[in-house]
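Residue-level structural notes
Residue strings, one per chain:
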Amino acid sequence: MEFQTVVFYLFGAIAVAAALGVILVRNPVHAALFLVLAFFSSAAIWLLLEAEFLAIALVLVYVGAVMVLFLFVVMMLDINIDRLREGFWSNLPLGLLVAAVLVVEMVLVLTGDFFRQAPAPVPLPADASNTADIGRVLYTVYAYPFEIAAMVLLVAMVAAVSLTLRKRKDARYLDPAEQVKVKAADRLRVISMPAEKE
């Protein structure tokens, strides 16, 4: 067996074990750390496929931003794990049904003719860049889906901000228009008081 194949199976096994750890551990912080390990293993597999840009984007975006934010939220919230696991057994049949459907779909995909009739790989020139190819395809062939995805993410971001912004009655707000209207004579009053004598 070639070294690249051994490394692929090694990182694939680590990714599968980490994914199982995400759903099987009881502590949510440990689950998030297992998910970080799964992301790193997936990035290593992307590197084996010579997709360096996708690998570094996976590490920077998901591990560097999303998972750090998730870990902060999980560690700052007081999560009652017992309450989360109350409905586990009632939802188990539905979960097993969905898992069985996914397994059947994966078996059909992997045993189908799609992978058997793969064309021979075309040798790339020495100066080929997969980052440039991704950018070219993304902004030409998939330009409209890319813009639609950007608009959906923008709407989701605005909705998240609007849902978290609630006006509190006990908070004091400043009105900049009222502040600009104020004159110096309104801000300062000189009061004449008689001097006190001892």
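Note that residues are indexed from 1 along each chain, following the sequence as it is written. Two thresholds apply to this predicted model, a pLDDT of at least 70 for residue-level local features and 80 or more for giving and counting side-chain atom pairs, whereas whole-chain, interface and lining totals are computed over all residues. Excluded from the side-chain calculations are hydrogens and water; all other atoms, namely the structure's heavy atoms, are used.

So, the pattern of salt bridges
- In the sections that follow, a salt bridge refers to a side-chain nitrogen of Lys or Arg positioned within 4 Å of a carboxyl oxygen of Asp or Glu. Within the structure shown, the criterion is met by 2 salt bridges.
- Residue Lys181 is joined to Glu178 by a salt bridge in which the shortest nitrogen-to-oxygen separation is 3.6 Å. Of this pair, Lys181 and Glu178 both sit in helix α8 (residues 176-181), 3 residues apart, roughly one helical turn. Only DSSP runs of H or I reaching four residues or more are called helices, and only runs of E reaching two or more are called strands; each is numbered from the N terminus.

Side note on the side chain of Ser41
- Its location among the elements puts Ser41 in helix α2 (residues 28-48).
- With near-sequence residues (within four places) excluded, Ser41 lies in contact with Phe11, Ile14 and Ala15. Contact definition: two residues touch when any of their heavy atoms are within 4.5 Å.

A look at the nonpolar core
- Of all hydrophobic cores here, the largest spans 9 residues; its members are Ala32, Val36, Phe39, Ala43, Ala55, Leu58, Val63, Met67 and Leu71.
- For this core, the secondary structure elements donating two or more residues are α2 and α3 (52-76).
- When residues in this core are grouped by element, the largest group, 5 residues, is from α3.
- In this structure Ala32 touches Met67, Phe70 and Leu71, once residues within four positions along its chain are discounted. By convention a nonpolar core is built from buried Ala, Val, Leu, Ile, Met, Phe, Trp, Tyr and Cys residues, the set being connected through side-chain atoms within 4.5 Å. Here's how the labels work: a residue is buried when its accessible area is under 20% of the maximum for its type, exposed when over 50%, partly exposed in between, all with a 1.4 Å probe on protein chains only.

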